[in-house]
Amino acid sequence: MRLQGRIVSWNDSRGFGFIEWNGGADERVFAHISAFEQRRRHPAAGDLVTYEVQNDASGRKQAMRIAYVGAVPVRSEQPAARLERSTRRAPVARKSLGLSRLATPLVLVAVAATAYHRYESRLQDTDLSVPSTDRSISGQAAAQSPAQMQFECDGRAHCSEMRSCEEATYFVRHCPDTKMDGDGDHIPCEDQLCGH
């Protein structure tokens with residue numbers, strides 16, 4: 001049997017409230033948001049509704065199949081109604097899925113950039129060849145691999161003590177206190193060994 005009543009209190013954040021029957025008795029029944037047949041708007045205190053009463057598992061009375069007055073009550077929920085409700089929730093799921101699809105490539109790019117930076121740093125730490133900015137000697141140094149250039153810092157510091165431009169370049173780049181690059185252009189012994 002359908003009854004008519006008024007929502008006397010409603011907690012929108014928790015999704016429940018109480019309905020009082022219009023039949024004269026101060027009997028209130030529990031109402032949950034899931035019991036509303038049409039959820040086009042949020043319930044509020046003062047709304048006039050029709051409902052049926054059932055006992056829950058604990059034996060307490062609760063309102064079921066609640067409809068706003070003036071709305072056509074739905075006797076049983078059809079599969080189409082369930083489908084409509086599930087599709088209304090789908091956009092939220094799609095939005096969160098879209099964010100995760102965007103985040104995944106960004107994370108991959110960040111990881112790849114970090115790995116490339118570490119790889120490049122290791123190459124610079126182990127590279128014994130002449131940097132490409134040293135244009136005048138880069139061709140000569142490129143002709144010999146680091147394995148062929150086996151030089152050691154042995155205290156020599158002047159151009160007159162060097163046998164080749166490659167050796168002078170190695171000493172300037174790797175040995176302390178050398179006196180072979182007076183103008184600071186990274187080209188040692190320009191007048192003796194590494195001249196134009």
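Residues numbered from 1 in each chain as written. Predicted model: local features only at pLDDT ≥ 70, side-chain atom pairs only at ≥ 80, totals over all residues. Heavy atoms only, no water.

Caption draft 1: Quick look at the pattern of salt bridges. The final tally for this structure, using the stated rule, is 9 salt bridges. Where Arg2 meets Glu52, a salt bridge forms, and the shortest distance between an N and an O atom there is 3.6 Å. A residue pair is termed long-range when its members are at least 10 positions apart, and Arg2 in the segment before strand E1 (3-11) and Glu52 in strand E4 (residues 48-55) qualify at 50 residues. A relative accessible area of 22% means that Arg2 is categorised as partly exposed. You can call Glu52 buried: its relative accessible area is 12%. Here Glu20 and Arg28 are joined by a salt bridge, their closest N and O atoms 3.4 Å apart. Several salt bridges converge on common partners, so that one network encompasses Asp154, Arg156, Arg163 and Glu167. (Salt bridge = Lys/Arg side-chain N within 4 Å of Asp/Glu carboxyl O. Helix = DSSP H or I, 4+ residues; strand = E, 2+ residues; numbered from the N terminus. Buried < 20%, exposed > 50% of the residue type's maximum accessible area, 1.4 Å probe, protein only.)

Caption draft 2: Main features of the pairing of strand E3 (residues 28-32). Across the two faces of E3 the burial differs, with Val29 and Ala31 buried and Arg28, Phe30 and His32 not buried at all. In this sheet, E3 lies alongside strand E2 (residues 16-21) in antiparallel orientation, the contact comprising 5 bridges. Bridging across to E3, Glu20 finds its partner in Arg28. (Pairing = 2+ DSSP bridges.)

Caption draft 3: Region of interest: unusual backbone geometry. Of note in this structure, Arg65 is not a glycine but carries a positive phi near 45°. Residue placement: Arg65 occurs in strand E5 (residues 61-68). Accessibility expressed as a relative area gives 26% for Arg65, which makes it partly exposed. A positive phi is found at Asp177, a non-glycine position, where the angle reads about 60°.

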